[in-house]
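Examining the three-dimensional arrangement
Here are the chains, one letter per residue:
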Amino acid sequence: MNNDKNLAKKPDHLIAQGVDDEPVESNLRLFNGRSYQIVTLIAVVYAAFHMLALNGVGIKVMTGGLVDIPFLPDFPIETWNFRIAHVAGALILGFLMFSATGFPDGQKPGSRAIRVVAYPLLICGLFSLGMAFYFAWEIASGSNWNGINKDIRFNEIWLYGAPLWVATGGSIILSWFDKQSRGRFAPHDFVLVVSTLAVAVYLITIYGTQMRNSTGTAFAPVGISMAAVAGTALIMELTRRVAGMALVVIATVFLVYVFIGEFLPSFLNSPAITWERFFSQVYTDAGVLGPTTAVSSTYIILFIIFAAFLQASKVGDYFVNFAFAIAGKARGGPAKVAIFASGLMGMINGTSAGNVVATGSLTIPLMKKVGYEKNTAGAIEAAASTGGQIMPPIMGAGAFIMAEVTGIPYSDIAIAAIIPAILYFVSIFFMVDFEAAKLGMKGMRKEELPRVSNMVRQVYLFVPILILIVALFMGYSVIRAGTLATISAAVVSWFTPYKINLRRVYGAFEIAGHMSIQIIAVCACAGIIVGVISLTGVGARFSNLLLSLADTSQLLALFFAMCIAILLGMGMPTTAAYAVAASVVAPGLVDLGIPLLTAHFFVFYFSVVSAITPPVALASFAAAGISGANPLKTSLASFKIGIAAFVVPFMFFYNATLLMEGEWLHVLRSGFTAVFGIFLLACAVQGWFVGNCASFIVRLTLAAAAFLMISGGLITDLVGLGVAGAVFILQKIVNRESIVASA
């Protein structure tokens, strides 16, 4: 603690402080005393469990052989059971920490009568949980469990399923109307925790028998379907609390489609399916426990823990201060800092809007201070934070989902993302720089910035990132590389005032547990949508629709795919947006003959930029909240600043060398000409070329030259260079004549 105080007294003009601090959501409970200790312990155990299990430490090993419960698997933890525990843990933490409603200032506790109703619901939930344990004991004792026996079916429906539905549905509805104080647990949320345990215990028990193979058939125990209905409701309710209504509405539409699809015309028509058959399969690896949860339970949770260790050692503050030291003196300096710092932090934390809140609270006011309009300041931060999702090697966890879905090695995906990421950030840099030039801005004064020498002396704080990159490209598994990077973050912290000791390790795991709730809930909810797509076959029919469009024009099919990917991503976190779009859009593009990697990158990029695409642009809206600007105007400005992101996917579709496919000379030439083309495009959009404002004709000509340069062909590159050279000479002449006329 003394070291922390001494650091604050040093006259180093550090700008960034608390960049790593998590924002406080309006419905987040703030506990004290024993309540805080309980929630913290659950979060620590949850995060530590994942770190230990992913690195091969089973339950018996964790407990020294003291714990051996029949329905809990020992090392190695069985895949489905691990994912069930993964989702259940996030649900438990989420219901304890996030209220169903917000906590406006001065709010008083709600009606006591409403809370009293929760206690009968708690009895129902506990009864259902008790029956799940009873079933586990019966099966462990040798009972032949099946879905046909009338006694078993009666017990599953009336003694397990019915109480579970009453407890779950009643508590969810009750939570919408009860206004709790911010520092207290809500009784109805305790019921949801019990319901979560009842679902998890039952499914782990039944999936440990031969009944796992019966899912989706008439022989499946009805308890699976009833548990899946409750589990689906729990996932959607937590998603609503932590990520808003957008994804929940989309998931609801897909669920309704399951049962009305048989009445719909054309490619939307689907076979009739009973609720029992559907729900007995949706909570398997065809849906909730499928690719999205597979990624969140391994790669995403691991990198959340890594980010939490970086946060505990205040590395995020260093990243931003380093950016200010390097770029702060340039014209429009804070905006260029936002590009660097927000891109780096966004790559790690995996959420555009969350990163805007974290780093934008610092960079947006500074951008306004040096002369940017509030709409532009918010737009720059939103575009930069969104770009972090496409920056290798972590790419906001999107690369890991892509690897899981496509089967393409992660390292290949990370390498392929290098040039498109460079194009995106170079474009933002040019847009920001030209805006600063038009407004005659200057950078921040030297005395306002951190000392470059001090920042360079602490450059070792980048070591965890470097270790992660090196380990990945040396062939280590993602889990092993992430673990090494996490350990290195703890080691590096010993050279700073924020040494990670046992207390800080505990705090880091607590942070990781809290940070993981939203992304895990979102991935599980996306799994519901993926399950509907795979079980109804609508994805295949959608692919046929794209094929029919391609008969008219392949470009038209791509444009249609772009619109669907952006539409699906509006209001959704990037991870969920890509997971859904990869199931709906990408298979159709592959059927068109587009290479697998190109098709998924195409969908991924447009899912990412949906965060800055009007009318629903989450990252832009978050930035507008900080800058005090109009959300729609900010989203329009961020769309303009991130315009290259809407061009890049078409670039690598027509020129695969931009995805590192082909000979190095061709890759380098394509990369260089594409960067130059992006430069010309930024000049055209901003109306600034060769140090002066460009006329409308010049802007049109520059735009034409830009598209010639980014198309990838040698002849078009040469023509584009020729056009750009001619415009350059013309603009020089115009500038000289303007100077003479002014004199």
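Below is a summary of the structure that appears in this document. This one's a predicted model, so the numbers in the text were calculated from it and none came from an experiment. (Residues numbered from 1 in each chain as written. Predicted model: local features only at pLDDT ≥ 70, side-chain atom pairs only at ≥ 80, totals over all residues. Heavy atoms only, no water.)

Considerations on the packing of aromatic side chains
As a reminder of what qualifies: Two rings from Phe, Tyr or Trp (for Trp, the six-membered ring) form a pair when their centres sit within 6.5 Å of each other. Planes less than 30 degrees apart are called stacked, planes more than 60 degrees apart edge-to-face, and all others tilted. We count a stretch as a helix when DSSP gives it H or I for four or more residues in a row; a strand needs E for two or more, and each element gets its number in order from the N terminus. Here the term buried applies to any residue with accessible area under 20% of the maximum for its type, exposed to any over 50%, and partly exposed to those in between, with areas from a 1.4 Å probe on protein chains only.
Counted under the stated rule, the structure contains 37 aromatic pairs. The interplanar angle of 75 degrees and the centroid separation of 5.0 Å between the aromatic rings of Phe430 and Phe679 together place this pair among those described as edge-to-face. Of this pair, Phe430 sits in helix α18 (residues 418-438) while Phe679 sits in helix α31 (residues 664-686), placing them 249 residues apart in sequence. Looking at Phe430, the relative accessible area reads 18%, which means it is buried.

With respect to the packing of helix α8 (residues 222-243) against helix α22 (residues 502-536)
Going by this rule: Each axis is a line fitted through C-alpha atoms, and for a helix only the stretch in contact is used; angles between axes span 0 to 180 degrees, taken between their N-to-C directions. Relative orientations are named as follows: roughly parallel for angles under 35 degrees, roughly antiparallel for angles over 145 degrees, roughly perpendicular for angles from 65 to 115 degrees, and oblique for any other angle. By the definition used in this description, the sense in which the near helix is turned from the far one sets the handedness, with an anticlockwise turn below a right angle giving left-handed and a clockwise turn giving right-handed. Whether two residues are in contact is decided by their heavy atoms, any of which lying within 4.5 Å being enough. Side-chain classes are defined by residue name, with Ala, Val, Leu, Ile, Met, Phe, Trp, Tyr, Cys and Pro counting as nonpolar, Asp, Glu, Lys and Arg as charged, and the others, Gly among them, as polar.
It is at 9 Å that the axes of α8 and α22 come closest, and there the two elements cross at 130 degrees. The pairing of α8 with α22 is recorded here as oblique in orientation. Classified by chirality, the crossing of α22 by α8 is left-handed. Each of Thr232, Ile235, Met236, Leu238, Thr239, Val242 and Ala243 in α8 lies in contact with α22, whose residues at this interface are Ile517, Gln518, Ala521, Val522, Ala524, Cys525 and Ile528. Tallied by class, the residues present in the contact of α8 with α22 amount to 11 nonpolar, 3 polar and no charged.

Quick look at unusual backbone geometry
In most cases, non-glycine residues show a negative phi, while peptide bonds are predominantly trans. For Met660, which is not a glycine, the phi torsion comes out positive at approximately 65 degrees. Tracing the backbone through its elements, the reader meets Met660 in the loop between α30 (648-654) and α31. A relative accessible area of 23% means that Met660 is categorised as partly exposed. Non-glycine residue Val690 carries a positive phi angle of around 55 degrees. Relative to the helices and strands, Val690 resides in the loop between β1 (688-689) and β2 (692-693). On the accessibility criterion, Val690 (22% relative accessible area) is partly exposed.

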